[in-house]
Amino acid sequence: MDSTTGFSLTPVNHNHTNSSCSRDNVLKTVVFPVLYSLLFLLGLSLNGLAVWVFFSIPSRSHFIIYLKNIVVADVLMTLTFPFKVLSDSNMASVGLRVFVCRVSSVLFYLTMYISILFFGLISIDRCRKTLQPFKGTNAAHLSHRKLLSGVIWCSLLALSLPNMVLTSRSPTSVYFKCSDLKTAAGLHWHEVVNHVCQVIFWGNLVTVIVCYALITKELYSSYARASAYRAGGASRAGTGKGQRQPQRKTVSSNVFLVLAVFFVCFVPFHFSRVPYTMSQTRGRMFDCNLKLFFFQLKESTLWLSSLNSLLDPLIYFFLCKSFRTTLFKTLRLPPGTCSWLTGRGPDPNTGSTPLGDSSACL
Ligand SMILES: Nc1ncnc2c1ncn2[C@@H]1O[C@H](COP(=O)(O)OP(=O)(O)O)[C@@H](O)[C@H]1O
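The protein is annotated in an unreviewed UniProt entry as Purinergic receptor P2Y12 from Oncorhynchus kisutch. As stated in UniProt under Subcellular location (unreviewed entry), the record for the protein gives "Cell membrane".

And the structure:
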């Protein structure tokens, strides 16, 4: 019995560390800890700022409600990084590594799927806003969205909780994997959760693709309308009658940021997760080199998913004018700062506003 950890452990197995199949290579013990440390420092600063800004923005649109949920998920996700860094770099005690398997990794995945679900909802909202730009919202709709947010958090928590509870076996060696700590029921639940999460992910991916296909269609037709309006401008000026400008909003390509972030961060992980989960729960089907390969593929793509917590603040900045305005006020910067980055503002010809710019948080 190890007096510092409370676990009964076999002595260090040096063969394990020397084996070509050991997970403890430079990628796991040095490269990813450095990358996660960077993510932690940058992510905590940006998301801390984002929380500060969002606290002073009232939840007066569906979009802002969804973004607030994502920022909370991102802060929680960022707080799990130091535990992963200590655990992967072998600087953590056995007790802390058990905590990572039982609690912090589960929290990490929970927040990741919260973000994915809210990304899907944001795409639906952006699509609605593009196709029906003048349809407003009311207090009842906003309350429904808040209720929906609560239901999403509770459901994912209920799904994840058994992954904590059923990771209850004590490690029998200093070198252990999270799956070694699971009971038979725990391994089964781990597999079930991963299937459910695959469904959540692919369902949301389809939603995002359909919504952005509709947004693209609208983007092209609004450009066509704007060009036709400009072409007609000369003749209107000639007759001197003038004509009311088209009252439709044009769409800024900034909205595609959501699509780009979704693809870069989440698609690679979900391709690599399927064989990795199989290697965890049906270990005998895989030789150790293949298991190591799937582990490293999962870890590399998992880092891309973690990068999401850093990229989300960019979405708030580019797509949410009230976020930018409040941010500039907080930092005491003039309101027009970075306007070259965030969009054109109202079109001088049509007077319409790019959706990715001023109207995006309405
Ligand atoms: N999608 C998920 N939702 C909630 N918990 C998960 C999910 N995927 C894995 N977990 C839990 O997170 C912990 C770490 O899992 P995993 O990353 O597969 O293990 P390892 O770190 O050994 O590669 C485990 O307790 C596992 O059950």
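Still to come is the rest of the account.
(A) Broad picture of the site of the ligand. In the neighbourhood of the ligand, 20 residues make up the surrounding shell, with Y109, K182, R273, Y276 and K298 lying closest. The separation between an oxygen atom of the ligand and a polar side-chain atom of Y276 is 2.5 Å. Look at the ligand: alone it shows 550 Å² of surface, and the protein chains cover 95% of it. When contributions to the shell around the ligand are tallied by element, the ones reaching two or more residues are helix 4 (94-131), helix 5 (139-165), helix 6 (184-239), helix 7 (256-281) and helix 8 (288-319). Broken down by element, the residue count for the shell around the ligand peaks at 5 residues, all from helix 4. Of the residues in the shell around the ligand, the class split is 9 nonpolar, 7 polar and 4 charged.

(B) Inspection of the pattern of salt bridges at higher detail. This structure, assessed with the given rule, holds 7 salt bridges. The shortest N-O distance in the salt bridge between K298 and E299 comes to 2.6 Å. With a relative accessible area of 8%, K298 lands in the buried category. Each of K84, D88, K298 and E299 takes part in one network of salt bridges that share partners.

(C) Up close: the UniProt feature "transmembrane region" (unreviewed entry) in the protein. UniProt tags residues 34-55, 67-86, 106-126, 147-166, 192-215, 251-271 and 300-319 as "transmembrane region" (unreviewed entry). End-to-end, the C-alpha atoms of residues 34-55 are 31 Å apart, and along that stretch the chain is 100% helix and 0% strand. Secondary structure across residues 147-166 divides into 95% helix and 0% strand, with the first and last C-alpha atoms of the span separated by 29 Å.

(D) Region of the structure containing helix 4. Taking 1.5 Å of rise per residue, the 38 residues of helix 4 would be expected to cover 56 Å, and the 54 Å separating its terminal C-alpha atoms lies within 8% of that figure. Its maximal kink placed at V100, helix 4 deviates by approximately 45 degrees.

Conventions used here
- Residues numbered from 1 in each chain as written.
- Predicted model: local features only at pLDDT ≥ 70, side-chain atom pairs only at ≥ 80, totals over all residues.
- Heavy atoms only, no water.
- UniProt positions renumbered as here; feature names shortened; annotations may be inferred.
- Near = heavy atom within 4 Å.
- Polar contact = N/O pair within 3.5 Å; in protein donor to acceptor, adjacent residues only side chain to side chain.
- Areas by Shrake-Rupley, 256 points an atom, 1.4 Å probe, with all protein chains shown as cover.
- Helix = DSSP H or I, 4+ residues; strand = E, 2+ residues; numbered from the N terminus.
- Nonpolar A, V, L, I, M, F, W, Y, C, P; charged D, E, K, R; others polar.
- Salt bridge = Lys/Arg side-chain N within 4 Å of Asp/Glu carboxyl O.
- Buried < 20%, exposed > 50% of the residue type's maximum accessible area, 1.4 Å probe, protein only.
- Expected span 1.5 Å × (residues − 1).
- Bend = angle between axes of the 7 residues up to and from the residue.

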